[in-house]
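Take a look at the letters that make up each chain.
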Amino acid sequence: MQDYIKRKLLKTVFRETESMKKFDLNGVWEFAFYDQTMLEDIDIDQAEFNNFMAVPGCFDCMPHQYCQRGCAVYSRSFTLEESWASSQLRIDGMGLRCKFFIDGKEIGFCAMPYSNFTLDSGALSAGEHRITALLDNNLDPDKMKLFRPNYDFYAFGGFYHGVSLELSKEANPLTRVFVRTVDYKTGKLNLEFVFNEYHLPSFPVPEGYTNEEYFRKLCMDGFRERYPSAPADYMDRLEYEIG
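Here the structure is a predicted model, which means the values were calculated and not measured.

> Looking at this model, I keep getting lost on the sheet that holds strand 9 (residues 105–110). Mind explaining?
Sheets are built from strands that pair by backbone hydrogen bonding, the pairs being arranged parallel or antiparallel. Spatially, 3-2-5-11-8-9 is the arrangement adopted by the six strands of the open sheet, whose pairing is antiparallel. The sheet is open, and its two edges are formed by strand 3 (51–55) and strand 9, each paired on a single side. Adjacent strand axes in the sheet meet at a mean angle of 30° when their direction is disregarded. Where strand 5 (residues 70–80) meets strand 11 (residues 127–136), 10 bridges bridge the pair, whose relative direction is antiparallel. Looking across to strand 11, one finds that Tyr74 is bridged to Ala133.

Take a look at the structure:
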C-alpha cells in the first residue's frame, strides 16, 4: 500500500541535442467524424475526410460535432529532412480512447483520457510520412471505465494538449527516468532508467493478486479507513465505480 502511494512519475523534459530532436505535429489536420460509431468499427483506408480540425482542440466543442458522441478520424502528412533510428509519438492528453497509425501501420492504443503517454513509432526514414489518429469519445461502460454518463464534468473528445514526435539517432535511447521516494526523512531516492520503451504509467501489484483484485483491495482499505460505519449507499456507489 505504501509503495503504491509513494510511486511518483516525474513529467519528462525532452532536451534536444544533435542526436535527439522533437518534431511538432500540432496544427491543422484533415478530419472526418462518424456519429455513434466505435473506434473498433473504423477502417482508416475508407475514411472520407471532408473537413479540417485544429490540434490541439476538442472536436465535440465545434459547431458540426457539438456534444455528439462517436469516433473522429484525424490525419496529416509530415516530412522529415533526415532519417532517424528510433522515434516515439508523444500525446500530452487526449479523450477518450485513441488508436494511432503511421504510414498505415498501427503503432498503439490508449484508453487513459487526460494522461500523458508515448507510443513507439520505430525507425523513420527521410521523406514524407502520414500519421492518422482515431479518437473515440463514446461513453461505452464496457470500453471506457474512467467516464460514465452524468459525471460532474464533461468528457471531451479530441486532443487536450500537444502532439509531437521524439526522434533519436540511437536505436535504444534513454527515454525515461523514474524517481521514487525510499525514505522521505533522509531524502533517499530510487532511480530507474528506461531505454526506448513504449510506456504508460505502470504499477506492479504484489504477488498473489491480479490487477483487478489489488485495485479492489486498495479501494476497500481506503473506504473502511474513511467510512468506518460503511454506509450502504456509499458502498453501493463504490461497487458501481469499481465496476
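Moving on, there is more to tell.
> I would appreciate a short explanation of the pairing of strand 9 in the present structure.
Successive residues of a regular strand alternate their side chains across the two faces of the sheet. Taken together, the five bridges between strand 8 (residues 97–102) and strand 9 define a ladder with antiparallel strand orientation. Across the sheet, Ile102 pairs through a bridge with Lys105, a residue of strand 9. Taken together, strand 8 and the strand that follows it, strand 9, pair antiparallel across an intervening segment of two residues, in which Asp103 is found at a positive phi of about 55°.

> Would you take a moment to explain the sheet that holds strand 4 (residues 57–58) for this structure?
Here three strands make up an open sheet; going across it, the order is 4-12-7 and the pairing antiparallel. Of all strands in the sheet, those bounded by a partner on one side alone are strand 4 and strand 7 (94–95).

Here is what the cut-offs are and how they apply
- Residues numbered from 1 in each chain as written.
- Predicted model: local features only at pLDDT ≥ 70, side-chain atom pairs only at ≥ 80, totals over all residues.
- Heavy atoms only, no water.
- Pairing = 2+ DSSP bridges.
- Helix = DSSP H or I, 4+ residues; strand = E, 2+ residues; numbered from the N terminus.
- Axes fitted to C-alpha atoms, helices over the stretch in contact; angles between N-to-C directions.

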